[in-house]
Amino acid sequence: MLKARQLSFHFSPSLPLLQDVSLTLRAGQWLGLSGDSGAGKSTLGKLLAGYLAPQTGDVILDGEALPTCGVQPVQWLPQSPELAVNPRWRVGKILREAWTPSDAQCQAFGVQPSWISRFPQSLSGGELQRVCVLRALAPEVRFLVADEISTMLDPITQLELWQALKREAEQRQLGVLVISHDSALLERLCPQRLHLSEGQLKPW
Ligand SMILES: Nc1ncnc2c1ncn2[C@@H]1O[C@H](COP(=O)(O)OP(=O)(O)OP(=O)(O)O)[C@@H](O)[C@H]1O
């Protein structure tokens, strides 16, 4: 179980962003998170994945602090995959950075064998996003923060990505926090939804 306990966070003391935010994400749960632009959704996602440290409160996984080395069991997947890869690495090296997905997994996520020897700049944003999502699914991973991951995909590719992720999450009982402005998408994917507004979470 992943828990955020009374997190407060600001980039500047005069501009508090999150105040006393608590949430629980269970194994196998799909939880939706909406909120206005700039409300702090990505910041909360980064706090949950250990990319940022809160000023007060903490994030615990099964009662313990997140590990500081090795494969992170909570993976934050950002909207812009091109910012999350080393442009000097070929796609094969990027994909296998933490683990080696099977051919069947590559196929399920629509990752084509012909991409392996290419550089990431030569893939479309949607193609690279699929590589990054699959890269994040190492066996040690237990929770995902999917931060607007399908925004740049066409409707069919979007559907295929979520179907592949649903299947993988169900098999492994991954907990997934889906961050999106698309309320129809959140309603479809997530039985429980939260809304972030003025630094606080409310059921939605
Ligand atoms: N590194 C940073 N330094 C200073 N301010 C930052 C930093 N990162 C984000 N912010 C600010 O914090 C606020 C929250 O940003 P965040 O990206 O978490 O919002 P969001 O809810 O995800 O927005 P969107 O829906 O537009 O992606 C914004 O006002 C943003 O400008």
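Residues numbered from 1 in each chain as written. Predicted model: local features only at pLDDT ≥ 70, side-chain atom pairs only at ≥ 80, totals over all residues. Heavy atoms only, no water.

The name an unreviewed UniProt entry gives the chain is Nickel ABC transporter ATP-binding protein, with Vreelandella boliviensis LC1 as the organism. Heading Sequence similarities (unreviewed entry) of the UniProt record for the chain holds this comment: "Belongs to the ABC transporter superfamily." (UniProt positions renumbered as here; feature names shortened; annotations may be inferred.)

Just give me the short version of the pattern of salt bridges, but keep the residues and values in it.
Scanning the model with the defined rule gives four salt bridges in all. For Asp 62, the salt bridge identified is with Arg 142, shortest N-O distance 3.1 Å. Placement of the pair is Asp 62 in the loop between strand S4 (56-61) and strand S5 (64-65) and Arg 142 in the loop between helix H4 (125-135) and strand S7 (143-147), with a sequence separation of 80 residues. Judged by its relative accessible area of 46%, Asp 62 is partly exposed. For Arg 142, a relative accessible area of 32% gives the class partly exposed. Note that Glu 97 is salt-bridged to Arg 135, the shortest N-O span being 3.2 Å. (Salt bridge = Lys/Arg side-chain N within 4 Å of Asp/Glu carboxyl O. Helix = DSSP H or I, 4+ residues; strand = E, 2+ residues; numbered from the N terminus. Buried < 20%, exposed > 50% of the residue type's maximum accessible area, 1.4 Å probe, protein only.)

Describe in detail the site of the ligand, supporting the description with residues and values.
Looking at the ligand, the residues that line it are Phe 11, Leu 17, Asp 36, Ser 37, Gly 38, Ala 39, Gly 40, Lys 41, Ser 42, Thr 43 and His 181. Gly 38 places a polar main-chain atom, nitrogen or oxygen, 2.9 Å from an oxygen atom of the ligand. His 181 has a polar side-chain atom sitting 2.7 Å from an oxygen atom of the ligand. Notes on the ligand: free accessible area 650 Å², of which the protein chains cover 54%. Looking at which element gives the most residues to the shell around the ligand, the answer is helix H1 (residues 41-48), with three residues. (Near = heavy atom within 4 Å. Polar contact = N/O pair within 3.5 Å; in protein donor to acceptor, adjacent residues only side chain to side chain. Areas by Shrake-Rupley, 256 points an atom, 1.4 Å probe, with all protein chains shown as cover.)

Give me the lowdown on the sheet that holds strand S3 (residues 30-35), citing residues and values where you can.
Taken in spatial order, the six strands line up as S6-S7-S8-S3-S9-S10 in an open sheet, and their pairing is mixed. Unpaired on one side and paired on the other, strand S6 (74-77) and strand S10 (200-203) mark the two borders of the sheet. Here the average twist between neighbouring strands, direction ignored, is 20 degrees. Across four bridges, the pairing between S3 and strand S8 (residues 175-179) is parallel. Looking across to S8, one finds that Trp 30 is bridged to Val 176. Against the sheet, helix H5 (residues 155-172) contacts S3, S7 and S8, and its axis sits at roughly 135 degrees relative to S3. (Pairing = 2+ DSSP bridges. Axes fitted to C-alpha atoms, helices over the stretch in contact; angles between N-to-C directions. Contact = heavy atoms within 4.5 Å.)

Give a detailed account of the side chain of Gln 75, specifying residues and quantitative values.
Following the sequence through the fold, Gln 75 ends up in strand S6. We classify Gln 75 as buried; its relative accessible area is 18%. Those residues within four positions of Gln 75 in sequence are excluded, and the remaining contacts are Ala 49, Ala 136, Val 141, Phe 143, Leu 144 and Val 145.

Just give me the short version of the UniProt feature "domain: ABC transporter" (unreviewed entry) in the chain, but keep the residues and values in it.
UniProt tags residues 2-204 as "domain: ABC transporter" (unreviewed entry). Each end of residues 2-204 is marked by a C-alpha atom, and these two atoms are 20 Å apart; helix forms 27% of the span and strand 30%.

Explain the packing of aromatic side chains residue by residue, including any values.
Applying the stated criterion across every chain yields a total of three aromatic pairs. Consider the rings of Trp 30 and Trp 162, whose centres lie 6.1 Å apart with planes at 65 degrees: the pair is edge-to-face. Pair noted here: Trp 30 is in strand S3 and Trp 162 is in helix H5, with a separation of 132 residues, a long-range link. Positioned over the ring face of Trp 30 is Lys 166, at 4.1 Å from the centre of the ring. (Phe/Tyr/Trp six-rings, centres within 6.5 Å; stacked < 30°, edge-to-face > 60°. Lys NZ or Arg CZ within 6 Å of the ring centre and 35° of its normal.)

Could you give an account of the environment of Val 111, with specific residues and numbers?
Structurally, Val 111 can be placed in the loop between helix H3 (103-108) and H4. On the basis of relative accessible area, Val 111 is assigned to the buried category, the value being 6%. For Val 111 and Gln 129, which are 18 residues apart along the polypeptide, the C-alpha to C-alpha distance reads 9.8 Å.

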